[in-house]
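# Structure at a glance
Here are the chains, one letter per residue:
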Amino acid sequence: MNVLARSVRAAAKPLAMARFYATEAPVASDALRLTFVVPHKALYKATDVQQVNLAATSGDMGILANHVPTIEQLNPGVVEVVESAEITKKFFVSGGFATINPDNSLNINAVEACPLEEFSLERVQSGLVEAQRVFSSATTDKEKAAAKIEVEVYEALQSALSK
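Presented here is an overview of the structure given in this document.

Parameters at a glance
- Residues numbered from 1 in each chain as written.
- Predicted model: local features only at pLDDT ≥ 70, side-chain atom pairs only at ≥ 80, totals over all residues.
- Heavy atoms only, no water.
- Helix = DSSP H or I, 4+ residues; strand = E, 2+ residues; numbered from the N terminus.
- Expected span 1.5 Å × (residues − 1).
- Contact = heavy atoms within 4.5 Å.
- Buried < 20%, exposed > 50% of the residue type's maximum accessible area, 1.4 Å probe, protein only.
- 1 Å grid on protein atoms, 1.4 Å probe; cavity = no way out; pocket = protein on both sides within 12 Å on 5 of 7 lines; lining within 4 Å.
- Points joined across faces, edges and corners; volume = space filled by probe spheres on them.
- Nonpolar A, V, L, I, M, F, W, Y, C, P; charged D, E, K, R; others polar.
- Pairing = 2+ DSSP bridges.

Owing to its 3.6 residues per turn, the α-helix brings residues three or four apart onto one side. End to end, helix α3 (residues 141-162) covers 31 Å across 22 residues, agreeing with the expected 32 Å (1.5 Å per residue, within 8%). On its buried side, α3 packs onto β6 (77-82), β7 (88-93) and α2 (121-137).

Tracing the chain through its elements places V151 in helix α3. Exposure remark for V151: the relative accessible area of 10% places this residue in the buried category. Once the C-alpha coordinates of V151 and E130 are considered, the two residues, 21 residues apart in sequence, prove to be 8.9 Å apart. Residues contacting V151, with those up to four places away along its chain left out, are L128, A131, Q132 and F135.

Volume-wise, the largest pocket comes out at about 330 Å³. In terms of lining, the largest pocket is formed by 15 residues, of which the most central are D60, G77, V78, A160 and K163. Residue classes in the lining of the largest pocket are distributed as eight nonpolar, three polar and four charged.

Looking now at the pairing of β6. Inspection of the sheet shows strand β3 (residues 51-56) paired to β6 by three bridges, in the antiparallel sense. Of the residues in β6, the one forming a bridge with N53 is E80. Relative to β7, β6 runs antiparallel, the two being bridged by six bridges. Across the sheet, residue V82 finds its bridge partner in β7, namely T88. The turn linking β6 back onto β7 is made up of five residues.

What follows is the structure, encoded as structure tokens:
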């Protein structure tokens, strides 16, 4: 163990434990504060929303206020933002990370994100056919890996548009 860390631990004052009656406890917010960014712009910047649904590598998740803090890698798929009972927006992301913080905030950093309604199912299907052709004719490992990623993204996009 590091000498400095041991010294600091030994010299630091213990934190005072604070206990509250239920009426004195901090009130938990019912809103989730969303920050959703791509490299070139912020889609949401500390905006209160009701819920966010996303496709993570550990599975599909629905995130509400007071969710357990975690960090999730995003799969290619849909990020659905439920702003209110009447307003829901869907974005297709190619990948990224979601960080759920203890303060009811959610930060989504996506490589690419585009509103789902901007895609055409017919064009996605033709792109998938072309990506599968490129994958089957790839000769090097690098070409195969790039083509496989393209096929996976098109398949996720086709699945999202078919729902």
